[in-house]
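Here are the chains, one letter per residue:
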Amino acid sequence: MQLATRPIPQAKSSVLRAAARYVIWLALIEILALSGAFWVATQPWFMDHEAPPNLRMMGYALRAAGKNCDVVLYGDSTALVGMDPSVIQSETGLTACNIAEIRTVLEVVGVHLPLDQYLAHNRPPKFLITAWGPGNFDFEHRPMESYFPDGYLYEFQYNRGPWLWGALIRHPKGTISFLLWVQGSILQNLLNKLVLGSPQQVDYRSLRDSRDGAFLFPQPPQRACEQFPSMPWISPARLRTSADKFKEQYATRTGHLLVDITPIADCFVEGRYRIASVQGLYDNTAQLWPVDKFASMNIHLAPQGARSFSEQVARQIEAIQQQERETQGERTVATR
Amino acid sequence: MTFNDPGFIFIFVPLAIAGFALFARIGKRSALAFLTFMSFIFYAQWNPKYVVVLVGSILLNYTVSRLMTRAEARERVQHAWLVFGIIANLGLLAYFKYLYPSLNFLVRRGLYQHSFGSIALPLGISFFTFTQIAYLVDLKRGAASRETLLNYSLFVTFFPHLVAGPIIHHKEMMPQFRQTEKYRLDPADVSLGVTWFTMGLFKKVILADGLAGTANDLFSHPGAAGALQAWLGALAFTMQIYFDFSGYSDMALGLARIFSIRFPMNFNSPFKATSVIDFWQRWHITLTRYLMKYVFSPLLVIISRRRQASGKSMSRRARATFGGFVGIVATPLVVTTFLAGVWHGAGFTFIAYGLLHGVYLTINHAWRTFVPPQSRMRNFMSGPVAVGFTFFWIVVSAVSFRASSLHNAGSVYADMFGRHGLGRYWSNVECIVALLVFVIVWLMPNTQELLGEAQQEDLRNWSLVRPTRWEPSMLWWAGTVAVFVISAAYASSGNAFLYFQF
């Protein structure tokens, strides 16, 4: 009886060993895939070929190394699409470039990184004009506290170093999500190529680079307000404190620093309340514009709206220059 | 945190498995405590504040269960505690799920002048409340035993079933935790569980989420589509919720299996059903079972007593008369499906969904009662014709389940039945996707049949491929790795399971 039953435990133990190998190798393959994604995400090849086309435009602050623009335009996506350096150049005669990044990048890398990267490779600009949407933007948001693949990609491509490795270990969930996103992007591209062939993609990076960093929205103007879930706005008090700190930090590294708010569509009810509550916190007036000046989300200006807003920025610069000239004149008279 | 969240898959689950293996070496109680702790952590990831609601609900029900046990000899006292427990549970559910929507409805109708705002619905409240009501009822009936607080907490919170089921009876889970061999990770169960979970993940992130866009296009612009596009959107949603819930159920069963715990089947190829009665024996099986046991059957008992008191019969012949059919079959059915609709949420669309299924089931029972078994009509309405006919009505009811209001549901129905004409034809990609999902749901074996986990009592299904049995072989491994790597790449915390809102 014992002899008859002996092979059964042996068979069972071989099944158990096979099952253990099954799980261990499955885990190892996935670890290998994640490690591969980690390496791939640091390669320019991934940015150039596999990342979603609209993300390939980011990192203009680094591509503008040595441009030494007189006017540096900076901010979130509303600044990226709303401030056109060519308009400012033609209105003021000063060279301008736009190094803004979208919110999903800035929320991960922090407001300071792209600006610091630009300033590290260029001489201080005469004017640093920043513009921000009336959303929940937080100047004091700590890097890597939020997860957006766009921001992680920026870090992997343009800010690698011991600090990043430490941050990735402290935020394992974000790290894994990002590495899976990298895998997903590669698989999606592969699938698109298999199903659709190799469709012609818009070269967003060249589009941006050809306009000194501005990205004029390639979409027709909005005809009506878009509806969104309610936004978690940050308090005006916190906004004031963080904007003051931002100014304090950069005032010495630039000739003049302005913190502006970009306009919003007048039909955007929630935004209207927001604008009323932040009036006076910025260097310009918060404005409500007709919806057809916008291209998306009631806050992203269409090219026509971008021209109007850029002209306003140019007038701000001219006003400061005028003031400077007057002060200079008064000083000269006083010296004489 | 949801099952398709990368943080859950790559951090939480490995930690839970490793911790369980470690604490099991110390002892049974520490392993149970660890699993309970991890289940609370899992719940807290969604909203830490609502852990208080979960803990409060557990403490309340545990106290009631103790008081019921203490009053074992005094039937009336025990009954009173049971009634109190049920009312308290339903009260909690009513407060979080129905109070604010109902008050806001009155405000919208101009019947009340006050702004009530809204309140976040604690994740899985319908599930953990129903589980606990069932425990109290079973305890009263002697079908469940008294538990320690730790065991009871694990029974309610065990993370594979906490937020969206399956709705489990005490006797289905707790006896398993009493077996000593469960406190050692069994590689065969772990690998089978991982494979099962992977299949569910694929259904969720590739199939369900892949179909969501087409469904959302229709339901975000109701009343604007041609008939073909409207049918495509309604079909897409029907398939989306199928793969979403089927995927969730597979993941729940797989996760439990990793710890060598076997959950009851919750899903058995519902779109292969040949009638709506058959459909409900295959879709959300544990909810159907729950409603039959704790709503339909008690209602039938009440009806039976009333009929007997008034001298009416409950016989088969009585059921075959119009009055008898309405009283014995239609009334408890419609009440039960109405409550099933309300269970899904506070909205007229859910009520409409429940009532629609009440009507379907009544017609189905009338068919069985009044149409002779050997008739030509019965013969015609069988096999693929019956499957297609049933599926058609499921798609129709899915519209009212998904629409944000009855008005929007009406607009989608109007679109489906040609208010704007046929509209544009489906693209090649849409046709291929539709064909693929129909092949999967109608012609392929389901997950438990593929894994060899279908039970004797499960309804048999026809499929093009022979059912297989999982084994730790190279072929199964390669398939699982490929499916896991692809599915994980699309895993995202952004796309919650549709059933998480209930």
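Refer to the structure printed above.
Treat the numbers as computed from the prediction; the structure is a model and nothing was measured.

## Quick look at the interface of chain A and chain B
Next up, step 1: On the side of chain B, 26 residues touch chain A, which itself brings 21 residues to the contact.
Next up, step 2: Here chain A packs against chain B, burying approximately 2,100 Å² in sum over the two surfaces, 79% of which is carbon and sulfur.
Next up, step 3: Between the two partners, chain A and chain B, sit one salt bridge.
Next up, step 4: In this structure, the salt-bridge partner of Asp5 of chain B is Lys173 of chain A, at a minimum N-O distance of 3.4 Å.
Next up, step 5: Linking chain A with chain B are seven residue pairs in polar contact (both at pLDDT 80 or more), by the criterion used here.

## Details of a nonpolar patch on the surface
Next up, step 1: The grouping of Leu190, Leu191, Leu194, Val195 and Leu196 of chain A together with Val429 and Val433 of chain B at the surface amounts to a nonpolar patch, some 670 Å² of accessible area in total.
Next up, step 2: Among the elements of the structure, α11 (172–196) of chain A together with α19 (428–443) of chain B are those that each provide at least two residues to the nonpolar patch.
Next up, step 3: Ranked by the residues each element gives to the nonpolar patch, the list is headed by α11 of chain A, at five residues.
Next up, step 4: The residue Leu194 of chain A is located in helix α11 in this model.

## Thoughts on the packing of helix α2 (residues 28–44) of chain B against helix α6 (residues 149–157) of chain B
Residue and element names in this part refer to chain B.
Next up, step 1: One way to put it is that α2 packs onto α6 with a least axis distance of 9 Å and a crossing angle of 40 degrees. Of the possible angle classes, the one that applies to α2 and α6 is oblique. For the element pair α2 and α6, the recorded crossing hand is left-handed. Contact residues: Arg29, Leu32, Ala33, Leu35, Thr36, Ser39 and Phe40 in α2; Leu150, Asn151, Ser153, Leu154 and Thr157 in α6.
Next up, step 2: Within the contact of α2 with α6, the residues separate by chemical class into six nonpolar, five polar and one charged.

## Here we look at the pattern of salt bridges
Next up, step 1: Evaluated as defined, the whole model comprises 24 salt bridges over all chains.
Next up, step 2: As a salt-bridge pair, Glu101 of chain A and Arg208 of chain A come within 4.0 Å of each other at their nearest N and O atoms. One end of the pair, Glu101 of chain A, is in the loop between β2 (96–98) and α7 (103–109); the other, Arg208 of chain A, is in helix α12 (residues 204–209), with 107 residues separating them in the sequence. Arg208 of chain A matches Glu101 of chain A in its accessibility class, with the two residues each being buried.
Next up, step 3: Between Asp250 of chain B and Lys203 of chain B there is a salt bridge, with its nearest N and O atoms 2.6 Å apart. One end of the pair, Asp250 of chain B, is in helix α10 (residues 227–258); the other, Lys203 of chain B, is in helix α9 (residues 187–220), and 47 residues separate them in sequence.
Next up, step 4: When its relative accessible area of 4% is taken as the criterion, Asp250 of chain B is described as buried.

## Some points on the layout of surface pockets
Residues and elements named next belong to chain B.
Next up, step 1: Roughly 800 Å³ of internal volume is contained in the second largest pocket.
Next up, step 2: The wall of the second largest pocket is formed by 27 residues, among which Ile86, Ile133, Tyr294, Val295 and Pro298 lie closest to the centre.
Next up, step 3: Those elements that place two or more of their residues in the lining of the second largest pocket are α4 (75–108), α5 (125–141), α12 (285–309) and α14 (322–344).
Next up, step 4: With nine residues, the single largest contributor to the lining of the second largest pocket is α12.
Next up, step 5: In the lining of the second largest pocket, the residues fall into 23 nonpolar, one polar and three charged.

Conventions used here
- Residues numbered from 1 in each chain as written.
- Chains lettered and ligands numbered in written order.
- Predicted model: local features only at pLDDT ≥ 70, side-chain atom pairs only at ≥ 80, totals over all residues.
- Heavy atoms only, no water.
- Contact = heavy atoms within 4.5 Å.
- Buried area = accessible area lost by both parts, 1.4 Å probe.
- Salt bridge = Lys/Arg side-chain N within 4 Å of Asp/Glu carboxyl O.
- Polar contact = N/O pair within 3.5 Å; in protein donor to acceptor, adjacent residues only side chain to side chain.
- Patch = residues over 30% accessible without salt bridge, like charges linked within 9 Å, V, L, I, M, F, W, Y side chains within 5 Å.
- Areas by Shrake-Rupley, 256 points an atom, 1.4 Å probe, with all protein chains shown as cover.
- Helix = DSSP H or I, 4+ residues; strand = E, 2+ residues; numbered from the N terminus.
- Axes fitted to C-alpha atoms, helices over the stretch in contact; angles between N-to-C directions.
- Parallel < 35°, antiparallel > 145°, perpendicular 65-115°, else oblique.
- Left-handed = near helix turned anticlockwise from the far one by under 90°.
- Nonpolar A, V, L, I, M, F, W, Y, C, P; charged D, E, K, R; others polar.
- Buried < 20%, exposed > 50% of the residue type's maximum accessible area, 1.4 Å probe, protein only.
- 1 Å grid on protein atoms, 1.4 Å probe; cavity = no way out; pocket = protein on both sides within 12 Å on 5 of 7 lines; lining within 4 Å.
- Points joined across faces, edges and corners; volume = space filled by probe spheres on them.

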